[in-house]
Amino acid sequence: MGAAMRRIHVGNALSAFGLGFTVPYLYVYVAQVRGLGSVTAGLVLAVFAVAALIVLPFAGRAIVRRGPLPVLLVALVTAALGALSLGLSASASTVLLSAAALGAGQAVMQPALATMIVDCSTTETRSRAFAMQFFLQNLGLGVGGLIGGHLVDTSKASSFTLLFAIEAAMFLVLVAVMATVRAPRAPRVEDAPGQSAGSSWKQLLGNRAMVQLCVLGFVLFFACYGQFESGLSAYGVEAAGISTSALGTALAANTLMIVVAQFAVLKFVERRKRSRVIASVGLIWAVAWAVAGYAGLGHGSQAMATAAFISTYALFGLGEALLSPTLAPLVADLAPTGLAGQYNSAFALVKQLALAIGPAVGGPLGASLHAPYIVAFTLISLGITVLAVRLGRQLTDVQNQPSLARSRVVTQGRAPADAVAAAEA
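Right, let's get into the overall build of the chain. Counting its regular elements, the chain contains 21 helices and 0 strands. Relative to a compact globule of 425 residues, whose C-alpha radius of gyration would be 22 Å, the chain shows 22 Å and is just as compact. Along the longest, intermediate and shortest principal axes, the C-alpha atoms of the chain span 65 × 50 × 35 Å. Considering the chain as a whole, with its 425 residues, one finds that 52% of them fall into the buried category. Within the chain, contacts between residues separated by at least 24 positions form 85% of all contacts whose residues are at least 6 apart in sequence. With the model as given, the accessible surface of the chain reaches about 17500 Å², and the carbon-plus-sulfur share is 67%.

Dropping the structure here:
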């Protein structure tokens, strides 16, 4: 890694740390500590999703026009102001406005950082760069949640003020770190006078492979992240009798699987077609849902049910480890020159939609309709495999398996840079 990539990875880790530092405690802070009630607390969580959905389309255009670094710096300052204001807010209106600023800033960080990774990497190094990003994000979330949990005290509003103040300070430190990044200058749309906002969106929607990838991405995020803290956890508690401590253990098992497996699966991913890797994730998750079905619908002991439920989260983690070096690099490879920021933001928008709809659908199903919930999401996971196979037919050989570009270098005896340039052309 070069110095620029190291700073970008620091940015990814710290932004994830900030998310894990405060978001798990937002509901308690708003509803109990500030005494604003469960309705306002629920609205705060909804505002995070709505703010992301509003700003991401504009963020993509700004990244394309101005580059990812200026957009990232604005997002960091916005998030810092939102975090500090949230820690000082005592009324419903100021809490909601602060949450909107924090949510919008955090939403824009991810496509901006992803575009910087694209600019600082090559086709050969991109999968490992995004694998490192995902590894550090999960590490940051886990460490942030752990430290935040030891700092807060529901009887003292000042402990939460300190929590949000530390998060704001961290974002400002990150501004100083990222301002020193000297990334290679990637082509921008402003270099092509004929391009407009409408034409770039039309170009994206006209890219059948990208549209299919967005549909696939929605289903992936809906079936996994959209269920973690809503439908699946409700199902575990209601159907399988899982305790809150066991639920925490299951989430820890998910993170541990990612940390352990992330770099172990890289060689497997790099030597195989991306569409087949994604298809295998669908099969792994179908098995995960079947194991969850045994936990809640089987007739084993409580210990067996708990072990099965924890295994479900671990299997989801294995699938996530396979996806991290696959999805984001594929988005980058599908983007035309200068439009990586727009494509990254569009994919982030799809993820936010899935995260907004997933809990609304999965929560009630997982809590009350146990068997239909398991059957439905097992079939959805198998649908991921079908969609991945169909996507593979829309990709070029090198888009689907970047290692082919390297093999051609060996076969033809050409310089690597020339071969990669030829493959991308």
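Still more to cover.
By the secondary structure assignment, Asn 344 is in helix 17 (residues 340-368). Polar contacts involving the side chain of Asn 344 include one to the side chain of Thr 115, which spans 3.0 Å. Excluding its chain neighbours within four sequence positions, the residues that come into contact with Asn 344 are Pro 111, Ala 114, Thr 115, Val 118 and Val 331.

With respect to the element layout, Ser 127 can be found in helix 6 (residues 126-151). On a C-alpha basis, the gap between Ser 127 and Leu 146 in space is 29 Å, while along the polypeptide they are 19 residues apart. Setting aside residues up to four positions removed in sequence, Ser 127 forms contacts with Leu 266, Glu 270, Arg 274, Pro 325 and Pro 329.

Core analysis: the biggest nonpolar cluster contains 110 residues, and Met 178, Met 210, Leu 213, Leu 220, Leu 232, Trp 285 and Phe 309 have the highest contact counts within it. The biggest single contributor to this core is helix 5 (residues 92-120), with 11 residues. Those residues in contact with Met 178 that lie beyond four places of it in its chain are Arg 7, Ile 8, Gly 11, Leu 69, Leu 72, Leu 73, Leu 76, Leu 113 and Met 116. One finds Ala 52, Ala 107, Ala 348 and Leu 349 within the second-largest nonpolar core, a separate group that totals 5 residues.

A few words on the state of the cysteines. For the structure shown, the criterion picks out 0 disulfides. In this structure Cys 224 is a free cysteine whose sulfur lies 18 Å from that of Cys 214, the closest cysteine sulfur available. For Cys 224, a relative accessible area of 0% corresponds to the buried category.

Time to look at the pattern of salt bridges. Enumeration over the complete set of coordinates arrives at 3 salt bridges. Residue Asp 333 is joined to Arg 126 by a salt bridge in which the shortest nitrogen-to-oxygen separation is 2.9 Å. In this pair, Asp 333 sits in helix 16 (residues 327-334) while Arg 126 sits in helix 6, placing the two residues 207 residues apart along the sequence. Across the salt bridge formed by Glu 270 and Arg 128, the nearest N and O atoms sit 3.2 Å from each other. Taken as a pair, Glu 270 in helix 13 (residues 266-270) and Arg 128 in helix 6 lie far apart in primary sequence, 142 residues in all. Residue Glu 270 is classed as buried on the basis of its relative accessible area, which comes to 15%. Here the salt bridges do not stand alone but share partners, grouping Arg 126, Arg 274 and Asp 333 into one network.

Bringing the packing of aromatic side chains into the picture now. According to the stated counting rule, one finds 14 aromatic pairs in the structure shown. Between Trp 289 and Tyr 373, the aromatic rings sit 5.4 Å apart at their centres with planes inclined by 85°, giving edge-to-face as the arrangement. Note that Trp 289 is positioned in helix 14 (residues 274-297) and Tyr 373 in helix 18 (residues 370-392), a separation of 84 residues in sequence. Given the relative accessible area of 0%, Trp 289 is considered buried. Given the relative accessible area of 0%, Tyr 373 is considered buried. An aromatic cluster is built from Phe 218, Phe 222, Tyr 235, Trp 285, Trp 289, Phe 316, Tyr 373 and Phe 377, whose rings are joined through pairwise contacts. Positioned over the ring face of Phe 221 is Lys 351, at 5.3 Å from the centre of the ring.

So, about the environment of Asn 254. Within the element layout of this structure, Asn 254 appears in helix 12 (residues 244-261). Residue classification places Asn 254 among the buried residues on the basis of a relative accessible area of 5%. Sequence spacing of Asn 254 and Gly 317 is 63 residues, and the spatial spacing of their C-alpha atoms is 4.8 Å. Not counting the four nearest positions on each side in its chain, Asn 254 is found in contact with Phe 228, Tyr 313, Ala 314, Phe 316, Gly 317 and Glu 320. At 2.8 Å, the side chain of Asn 254 forms a polar contact with the side chain of Glu 320.

The next thing to look at is the environment of Ser 345. For Ser 345, the position within the fold is in helix 17. Ser 345 gets classed as buried once you look at its relative accessible area, which sits at 2%. For the pair Ser 345 and Ile 380, spaced 35 residues apart in sequence, the C-alpha to C-alpha distance is 25 Å.

Before going further, it helps to examine the packing of helix 14 against helix 15 (residues 302-323). Contact pair helix 14 / helix 15: the axes reach a minimum separation of 8 Å and the direction vectors enclose 170°. Comparing their axes, helix 15 and helix 14 come out roughly antiparallel. Class assignment for the residues of the contact of helix 14 with helix 15 results in 21 nonpolar, 4 polar and 1 charged.

What counts, and at which threshold
- Residues numbered from 1 in each chain as written.
- Predicted model: local features only at pLDDT ≥ 70, side-chain atom pairs only at ≥ 80, totals over all residues.
- Heavy atoms only, no water.
- Helix = DSSP H or I, 4+ residues; strand = E, 2+ residues; numbered from the N terminus.
- Rg over C-alpha atoms; globule rule 2.2 N^0.38 Å.
- Buried < 20%, exposed > 50% of the residue type's maximum accessible area, 1.4 Å probe, protein only.
- Contact = heavy atoms within 4.5 Å.
- Areas by Shrake-Rupley, 256 points an atom, 1.4 Å probe, with all protein chains shown as cover.
- Polar contact = N/O pair within 3.5 Å; in protein donor to acceptor, adjacent residues only side chain to side chain.
- Core = buried A, V, L, I, M, F, W, Y, C linked by side-chain atoms within 4.5 Å.
- Disulfide = S-S within 2.5 Å.
- Salt bridge = Lys/Arg side-chain N within 4 Å of Asp/Glu carboxyl O.
- Phe/Tyr/Trp six-rings, centres within 6.5 Å; stacked < 30°, edge-to-face > 60°.
- Lys NZ or Arg CZ within 6 Å of the ring centre and 35° of its normal.
- Axes fitted to C-alpha atoms, helices over the stretch in contact; angles between N-to-C directions.
- Parallel < 35°, antiparallel > 145°, perpendicular 65-115°, else oblique.
- Nonpolar A, V, L, I, M, F, W, Y, C, P; charged D, E, K, R; others polar.

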